[in-house]
Amino acid sequence: MTEEKSYYMTEEGKEKLEQELHVLKTEKRKEVVERIKIARDFGDLSENSEYDSAKEEQAFVETRIAQLEKMIRNAVIIENDENNVDVVSLGKKVTFIELPDGEEETYTIVGSAEADPFEGKISNDSPMAKSLLGQQKGTEVMVPTPGGEIKVKIVDVH
């Protein structure tokens, strides 16, 4: 048997996944089954676009349910390390400035399961996070980007 991947996430991230799973199982599944039932009543299934669409949505919902169950089952909750307050680690917010004269940016480093750059959450697998993890406040770090390496200075870790 193969070993399953661990999904690093905050307690908040796990709760969001559990809520999504609950909605999919209790509401979305029923809606899709009802759509399939209605589409079947239209007659010939071979040329029934409503039926095909509903079946595709059902496949998507079931795939997402399986994916969420796996992520929740293999969740590893990120605990804040109170001993190393100035060291960048999973679950911490890091503020940095691009050198020589960039603007300050702040991100929380989370597991890939809950990464959302628009909410200021970057995956621990991203090049930015990989470069910052383990570094201390005040350190200058080279970060690979698609446009070439940039230098950033870690201003704060909290």
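Everything discussed here concerns the structure shown above.
Predicted model, so just to flag it, every value in this text is computed and none were measured.

**Some details on the side chain of Lys 121**
Relative to the assigned elements, Lys 121 resides in strand β5 (residues 121-123). Given the relative accessible area of 13%, Lys 121 is considered buried.

**So, helix α2 (residues 49-73)**
Between the first and last C-alpha of α2 there are 36 Å, a value that for 25 residues agrees with the 36 Å anticipated at 1.5 Å per step. Looking only at α2, the buried set comprises Tyr 51, Ala 54, Val 61, Ile 65, Leu 68, Met 71 and Ile 72. Lining the buried residues of α2 we find β1 (7-9), α1 (11-40) and β2 (75-77).

**A few points about the nonpolar core**
Counting 15 residues, the largest nonpolar core has Leu 17, Leu 21, Leu 24, Ile 36, Val 61, Ile 65 and Leu 68 as its most contacted members. Elements with a contribution of two residues or more to this core: β1, α1 and α2. With seven residues, α2 is the single largest residue contributor to this core. Counting 14 residues, the second-largest nonpolar core is a separate cluster that includes Val 94, Met 128, Leu 132 and Ile 154.

**Here's the deal with the sheet that holds strand β7 (residues 150-157)**
Within a beta sheet, neighbouring strands are joined by backbone hydrogen bonds and run either parallel or antiparallel to one another. Across the sheet, which stays open at both edges, the five strands sit in the order β5-β4-β3-β7-β6 with mixed pairing between neighbours. Across the chains shown, the open sheet's two edge strands, defined by having one partner strand only, are β5 and β6 (140-143). In this sheet, neighbouring strand axes are inclined to one another by 45° on average, regardless of whether the strands run parallel or antiparallel. Taken together, the five bridges between strand β3 (residues 93-98) and strand β4 (residues 104-110) define a ladder with antiparallel strand orientation. Paired with Val 94 across the strands is Tyr 107, a residue of β4.

**A closer look at the environment of Ser 126**
Structurally, Ser 126 can be placed in the loop between β5 and α3 (127-132). C-alpha of Ser 126 to C-alpha of Gly 111: the two residues are 15 residues apart in sequence and 9.8 Å apart in space.

**Here we look at the packing of α1 against α2**
Orientation of α1 relative to α2, taken along the N-to-C sense of each, is 160°, at an axis distance of 9 Å. Here α1 is positioned roughly antiparallel relative to α2, judged by the angle of their axes. For the crossing formed where α1 meets α2, the hand is left-handed.

The rules behind these values
Residues numbered from 1 in each chain as written. Predicted model: local features only at pLDDT ≥ 70, side-chain atom pairs only at ≥ 80, totals over all residues. Heavy atoms only, no water. Helix = DSSP H or I, 4+ residues; strand = E, 2+ residues; numbered from the N terminus. Buried < 20%, exposed > 50% of the residue type's maximum accessible area, 1.4 Å probe, protein only. Expected span 1.5 Å × (residues − 1). Contact = heavy atoms within 4.5 Å. Core = buried A, V, L, I, M, F, W, Y, C linked by side-chain atoms within 4.5 Å. Pairing = 2+ DSSP bridges. Axes fitted to C-alpha atoms, helices over the stretch in contact; angles between N-to-C directions. Parallel < 35°, antiparallel > 145°, perpendicular 65-115°, else oblique. Left-handed = near helix turned anticlockwise from the far one by under 90°.

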